[in-house]
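Structural overview
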Amino acid sequence: MATPDFIRTIRADAGQQLLWLPGVTAIVFDDEGRVLLGRRSDNGRWSVIGGIPEPGEQPAECAVREVYEETAVHCVPERVVLVQALEPVTYDNGDNCQYMDITLRCRAVGGEARVNDDESLEVAWFDVDALPRLHEFSLFRIKQAMAEAPTWFEPTPER
């Protein structure tokens, strides 16, 4: 996946130490209730759409930008689905990151789904009862986006 320029600048000073970063995931539905997925070029797996906001960029603005950049679909964010601190990840190059994911439910309003950058091998709409094999991260977010429930938060441990 493409590393934003501002993170390259930080990495020049911080090296590979753990960076705490915002992340935005967009669960995009069309008028038929299908969900938009991309098959990632870095691992070949189908996934929901997401990315890292630019400095000062609002989460909803980031979702709209990332969806268009990766899929050529225009969308409108409708609500916050969940907020969750993810487990730290170490990338193949040794960089360490931990993300605070904000997942938004979005509605497609235009564009034709297609590969629109080098982050995806394929882009397609899927009926929610006929999804390709997905990581639990994506499945959970799709399930939460379909529920008419309040924003989901990781349960707080009892003290």
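Reference entry: report on the structure contained in this document. None of the values given here were measured: they were computed from a predicted structure.

For the rest of this paragraph, the subject is the overall build of the protein. Secondary structure assignment for the protein yields 3 helices and 9 strands. If you list the helices and strands of the protein from N to C, you get α-β-β-β-β-α-β-β-β-β-α-β. Taken against the 2.2 N^0.38 rule, which gives 15 Å for 159 residues, the C-alpha radius of gyration of the protein at 16 Å falls within 12% of a compact globule. Each principal axis of the C-alpha atoms in the protein carries an extent, and together these give about 45 × 45 × 30 Å.

Our next topic: helix 3 (residues 136-146). Of the positions making up helix 3, those classed as buried are Ser138, Phe140, Arg141, Ile142, Gln144 and Ala145. Its buried side turned inward, helix 3 meets strand 1 (19-29), strand 2 (35-40), strand 3 (46-47), strand 5 (73-85), strand 7 (96-111) and strand 9 (152-153).

A few words on the pairing of strand 1. Where burial is concerned, most of strand 1 is hidden: 9 out of the 11 residues are buried. Across 11 bridges, strand 1 lies against strand 7 in parallel orientation. Of the residues in strand 7, the one forming a bridge with Pro22 is Met100. Across 3 bridges, the pairing between strand 1 and strand 4 (residues 49-51) is antiparallel. Residue pairing across strands places Ala26 opposite Ile49, the latter belonging to strand 4.

Here we come to the nonpolar core. Ala26, Val28, Leu36, Ala63, Val67 and Cys106 are the most contacted members of the largest nonpolar core, which has 14 residues in total. Going through the elements one at a time, strand 1, helix 2 (59-71), strand 5 and strand 7 are the ones with two or more residues in this core. Not counting residues within four places of it along the chain, the set of residues in contact with Val28 comprises Arg34, Val35, Leu36, Val67, Cys75, Cys106, Arg107, Ala108 and Trp125. Judged by nonpolar contacts, the second largest core, of 13 residues, contains Ile27, Leu82, Phe126 and Ala145.

Let us now look at the pairing of strand 2. Two elements, strand 2 and strand 8 (residues 120-126), share 6 bridges in a ladder whose sense is antiparallel. The partner of Leu37 across the bridge, within strand 8, is Ala124. Pairing analysis gives 2 bridges linking strand 2 to strand 3, with the strands arranged antiparallel. Paired with Gly38 across the two strands is Ser47, which belongs to strand 3. What sits between strand 2 and strand 3 in their antiparallel hairpin is a turn of 5 residues, with Gly44 showing a positive phi close to 75°.

Analysis parameters
- Residues numbered from 1 in each chain as written.
- Predicted model: local features only at pLDDT ≥ 70, side-chain atom pairs only at ≥ 80, totals over all residues.
- Heavy atoms only, no water.
- Helix = DSSP H or I, 4+ residues; strand = E, 2+ residues; numbered from the N terminus.
- Rg over C-alpha atoms; globule rule 2.2 N^0.38 Å.
- Buried < 20%, exposed > 50% of the residue type's maximum accessible area, 1.4 Å probe, protein only.
- Contact = heavy atoms within 4.5 Å.
- Pairing = 2+ DSSP bridges.
- Core = buried A, V, L, I, M, F, W, Y, C linked by side-chain atoms within 4.5 Å.

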